[in-house]
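Overview (structure and organization)
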Amino acid sequence: MKTKILLLVVVWVIFLANSVSVNAMSEKYYQQLNSEQKKIYNEMLNHFYGADQTEFYSDINRTYSGIPMEIAMEPYKKNALIAYSALLNDCPDFYWITQISLSFTGGNLMSESELKSSTIYKVLYYLNVDFTVTKQELYEKKLLKAIHSINKKTKKKKTDYQRILAIHDYICKNTKYDMKHVANTAVKYHYLHTAYGVFVKKKAVCDGYSMAFKELCDYYNIPCMIVYGRVKNKYGVYENHAWNVVKLKKKWYAVDSTWDDSAKSKKWFLCGRKQLRKTHMEITANADVLQKGVFSYPKINKKSYK
């Protein structure tokens, strides 16, 4: 990663720091973290984003009586992975992260083959990334092109409703759902699950659509979350899915740009709970599939937006 992209990075860090402190709890994953998870989240943000690094050490310096290190590190590891997940869902422009790994430094204190205590001194965070300066420049260029298109479309009516509609329509018009590689876990298809897939490759799957939608909502300061749930497909079978919820006039509504793109419709644009529950798993606390109930989502309005 090069110095030439740091100015953009600093701007985003400032934006994130401000938005995290003022938004309601349900508007960001960050607000749902406990104190240790928030600390880890902020360390990741500062190092992987602001300092432009792919690895860093964090001091822990904790001693556990009668507990082996291998067991003592599990709660911290869980907190780290939850914080990491929250960060990726709050920051869609982290499209280039493909995986995170943790390595702990410490050991067990033994006395005559009996465990006395264990100590964890520090943990190494390491990212696997798919990043080049060329890719980053292209991402920024295409993102600005999308914003320009939305601004042009909403030139006369700069309301949140018009912007949300323009974001929805831009994504549906310019993205193709990649049915062929939806289940492919190879790194070269990672972009399908990111905003990069929408803005640059013009191909994505549901979480890529949702990431791009949030990226644009964040730009316009429209409260938005990515939701993980389950939907009933045309065969009546439930499958994992991702969509968004947005806040408009103090009420929350669902937007499923993936399904609207496939159906060439606006059926799932600003829809309410009554309509959504027919096919989507109702958005309630602990409805997220990927995080096994760690996160909750805002309760959406009963009726669709009119």
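What you see is a predicted model; the values in this text were computed from it and never measured.

Here we look at the layout of surface pockets
In this structure, the second largest pocket encloses a volume near 670 Å³. Looking at the second largest pocket, it is lined by 25 residues, and the ones nearest its centre are Tyr177, Glu239, Asn240, His241 and Trp259. Breaking the lining of the second largest pocket down by element, the ones donating at least two residues are helix 7 (206-219), strand 6 (224-232), strand 7 (238-248) and helix 8 (257-263). For the lining of the second largest pocket, the per-class residue count stands at 13 nonpolar, eight polar and four charged.

Section: the pattern of salt bridges
Applying the stated criterion to the full structure yields eight salt bridges. Residues lysine 39 and glutamate 43 are paired through a salt bridge, measuring 3.3 Å at the closest nitrogen-oxygen approach. You can see lysine 39 and its partner glutamate 43 sitting in helix 2 (residues 35-50), four residues apart, about one turn around the helix. With relative accessibility at 16%, the residue glutamate 43 sits in the buried group. The closest approach of N and O atoms between lysine 266 and aspartate 169, which form a salt bridge, is 3.6 Å. Of this pair, lysine 266 sits in the loop between helix 8 and helix 9 (273-276) while aspartate 169 sits in helix 5 (residues 160-174), and the two are 97 residues apart along the sequence. Using a relative accessible area of 16% as the deciding quantity, one classes aspartate 169 as buried. When salt bridges with common partners are traced through the structure, they connect Lys153, Asp169 and Lys266 into a single cluster.

Side note on a positive patch on the surface
Together, Lys267, Lys274, Lys278, Lys302 and Lys303 make up a region of like positive charge exposed at the surface. Looking at the element boundaries, lysine 278 is found in the segment after helix 9.

Details of the sheet that holds strand 1 (residues 55-65)
The three strands are arranged 1-3-2 in an open sheet whose pairing can be described as antiparallel. Bordering the open sheet on either side are strand 1 and strand 2 (97-111), each of which pairs with just one other strand. Here the strands of the sheet are splayed against their neighbours by 15 degrees on average, with no regard to which way each runs. As paired elements, strand 2 and strand 3 (residues 114-129) share 14 bridges and run antiparallel to each other. Looking at the pairing, leucine 109 lines up with serine 117 of strand 3.

Here we look at the sheet that holds strand 8 (residues 251-255)
Strands sit in the order 6-7-8 across an open sheet of three strands; the sheet is antiparallel. Bordering the open sheet on either side are strand 6 and strand 8, each of which pairs with just one other strand. Adjacent strand axes in the sheet meet at a mean angle of 35 degrees, parallel and antiparallel pairs treated alike. Alignment of strand 7 against strand 8, held across five bridges, turns out to be antiparallel. Bridged to leucine 248 within strand 8 is lysine 251.

Quick look at the nonpolar core
Within soluble globular proteins, side chains that are nonpolar generally end up buried alongside one another. Ranked by internal contacts, the top residues of the largest apolar core, which has 89 residues, are Phe94, Tyr125, Phe199, Phe213 and Leu216. A per-element tally of this core places helix 3 (residues 69-90) first, with eleven residues. Sequence-distant contacts of leucine 216, that is, excluding residues within four places in its chain, are made with Leu143, Ala146, Ile147, Ile150, Ile167, Ile171 and Phe199.

Points about the environment of tryptophan 243
If you trace the backbone, tryptophan 243 turns up in strand 7. Classification of tryptophan 243 by relative accessible area gives buried; the value is 1%. When the C-alpha positions of tryptophan 243 and methionine 211 are compared, they lie 8.8 Å apart, and in sequence the two are 32 residues distant.

Topic: unusual backbone geometry
Of note in the backbone geometry, lysine 264 takes a positive phi value of approximately 50 degrees without being a glycine. A relative accessible area of 68% places lysine 264 in the exposed class. In this structure, leucine 270 is a non-glycine residue whose phi angle is positive, near 55 degrees. As for its position among the elements, leucine 270 is in the loop between helix 8 and helix 9. Classification of leucine 270 by relative accessible area gives buried; the value is 1%.

A short note on the environment of threonine 194
As for its placement among the helices and strands, threonine 194 is situated in the loop between strand 4 (176-177) and helix 6 (195-201). Judged by relative accessible area, which is 5%, threonine 194 ranks as buried. Along the sequence, threonine 194 and alanine 212 sit 18 residues apart, while their C-alpha atoms lie 7.2 Å from each other. In contact with threonine 194, not counting residues within four places along its chain, are Tyr95, Gly208 and Met211.

What counts as what
The residue numbering used here restarts from 1 in each chain and proceeds along that chain's sequence as written. Predicted model: local features are reported for residues with pLDDT of at least 70 only, side-chain atom pairs are reported and counted for 80 or more only, and whole-chain, interface and lining totals are derived from all residues. To get the side-chain values, take all heavy atoms of the structure and skip hydrogens and water. Think of a 1 Å grid over just the protein atoms. A cavity is a set of points where a 1.4 Å probe fits yet cannot get out, a pocket is an open set with protein on both sides within 12 Å along at least five of seven lines, and lining residues have an atom within 4 Å of a point. Grid points are joined across faces, edges and corners, and a volume is the space filled by probe spheres set on the points. Put simply, DSSP H or I for four residues or longer makes a helix, DSSP E for two residues or longer makes a strand, and each gets a number counted from the N terminus. Residue polarity is assigned by list, with Asp, Glu, Lys and Arg as charged and Ala, Val, Leu, Ile, Met, Phe, Trp, Tyr, Cys and Pro as nonpolar; anything else, Gly included, falls into the polar class. When a carboxyl oxygen of Asp or Glu lies within 4 Å of a side-chain nitrogen of Lys or Arg, that pair is called a salt bridge. Think of it in three bands: with a 1.4 Å probe and only protein chains considered, a residue is buried below 20% of the maximum accessible area for its type, exposed above 50%, and partly exposed in between. What makes a patch is a set of residues exposed beyond 30% relative accessible area and free of salt bridges, joined within 9 Å when like-charged and within 5 Å when nonpolar (Val, Leu, Ile, Met, Phe, Trp, Tyr). All accessibility values rest on the Shrake-Rupley procedure with a 1.4 Å probe; residue burial counts only the protein chains present in the view. We treat Lys and Arg as the positive residues and Asp and Glu as the negative residues; His and chain ends play no part in the count. Where a charge sits is defined by one atom per residue type, namely NZ (Lys), CZ (Arg), CG (Asp) or CD (Glu). A pair of strands is considered paired only if DSSP assigns at least 2 bridges between the two. Helix axes are fitted only over the stretch in contact, all axes being lines through C-alpha atoms; the angle between N-to-C directions runs from 0 to 180 degrees. Residues belong to one nonpolar core when they are buried, are Ala, Val, Leu, Ile, Met, Phe, Trp, Tyr or Cys, and are joined through side-chain atoms within 4.5 Å. Contacts: residue pairs with any heavy atoms within 4.5 Å of one another.

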